[in-house]
Amino acid sequence: MPDWVRHLVIFFLVGGIGVAIACTKARVLENGRKVIRMNRPLTILLVLGAATIVALALWTLLWGLIKGNVEGVPTLLGLIIICGLPLPLFITTLLTDMYDVYWDETSVTGPSKVYGFGVRKSRITIPFSEISRTGTTLLQSNYAESRDGRRIYWSGAYTGCSDLEREIDAHLAD
């Protein structure tokens, strides 16, 4: 396959995922609250991709051992244990409700930490009247910040995130 065809396919796949996420709407719950969460199909693809990388690393390690090449085995094994195995497990947590962001006409509730352990315990609620600004972190997580510095984080890969951002912008304009 020519390189330009491969690049075109990748462009449309990545662009298609971006358009699919941008065109989604926030989910409206029975009580009128809205919720955004990590895009499920994208998260499943990330988990499968991370698991594939770990499997390939393990295969490379085993193949090297079978062929009698023990050079670099401790380094590769260390990388697999420290980085590889936790990665699919960490990404799988994005499928839980820990990172979901809820809002109604008065406030927003969501995680006050970007990622990591303790996210479930670090959920906060900020009334729209207290939100002073929005922004993006170095790792491209979006946030709404209160006057006292508290933040609620979400990702641009959340299904319906543009609905929340429009709602916050409307309240900031008031």
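Residues numbered from 1 in each chain as written. Predicted model: local features only at pLDDT ≥ 70, side-chain atom pairs only at ≥ 80, totals over all residues. Heavy atoms only, no water.

## Digging into the side chain of Asn142
Stage number 1. In this fold, Asn142 is placed in strand 7 (residues 141-146).
Stage number 2. Given a relative accessible area of 14%, Asn142 falls into the buried group.
Stage number 3. Only 3.4 Å separates the side chain of Asn142 from the side chain of Thr136, close enough to count as a polar contact.
Stage number 4. A polar contact of 3.1 Å, which involves the side chain of Asn142, links it to the side chain of Glu165.
Stage number 5. Apart from the residues within four sequence positions on either side, Asn142 is in contact with Gly135, Thr136, Ile152, Tyr153, Trp154, Ser155, Gly156 and Glu165. (Helix = DSSP H or I, 4+ residues; strand = E, 2+ residues; numbered from the N terminus. Buried < 20%, exposed > 50% of the residue type's maximum accessible area, 1.4 Å probe, protein only. Polar contact = N/O pair within 3.5 Å; in protein donor to acceptor, adjacent residues only side chain to side chain. Contact = heavy atoms within 4.5 Å.)

## Quick notes on the packing of helix 2 (residues 40-66) against helix 3 (residues 73-84)
Each pair of packed helices can be described by the angle between their axes along with the distance between the axes.
Stage number 1. Running from N to C, helix 2 and helix 3 point in directions that differ by 160°, and their axes come no closer than 10 Å. One element, helix 2, and the other, helix 3, form an angle in the roughly antiparallel class. Taken as a pair, helix 2 and helix 3 cross one another with a handedness that is left-handed. In this structure, helix 2 uses Val54, Ala57, Leu58, Thr60, Leu61 and Leu65 to contact helix 3, whose residues at the interface are Val73, Leu76, Leu77, Ile80 and Gly84.
Stage number 2. Looking at side-chain class alone, the contact of helix 2 with helix 3 contains nine nonpolar, two polar and no charged residues. (Axes fitted to C-alpha atoms, helices over the stretch in contact; angles between N-to-C directions. Parallel < 35°, antiparallel > 145°, perpendicular 65-115°, else oblique. Left-handed = near helix turned anticlockwise from the far one by under 90°. Nonpolar A, V, L, I, M, F, W, Y, C, P; charged D, E, K, R; others polar.)

## Let's talk about the pattern of salt bridges
Stage number 1. For the structure on display, the rule yields six salt bridges.
Stage number 2. Taking the shortest distance from any N to any O, the salt bridge between Glu130 and Arg150 comes out at 3.1 Å. In this pair, Glu130 is assigned in the loop between strand 5 (123-127) and strand 6 (131-136) and Arg150 in the loop between strand 7 and strand 8 (151-155), connecting sequence segments 20 residues apart.
Stage number 3. As a salt-bridge pair, Asp163 and Arg166 come within 2.4 Å of each other at their nearest N and O atoms. Residue Asp163 and its partner Arg166 are located together in helix 5 (residues 161-173), separated by three residues, close to a single helical turn.
Stage number 4. Members of the salt-bridge network, linked through shared partners, are Glu130, Asp148 and Arg150. (Salt bridge = Lys/Arg side-chain N within 4 Å of Asp/Glu carboxyl O.)

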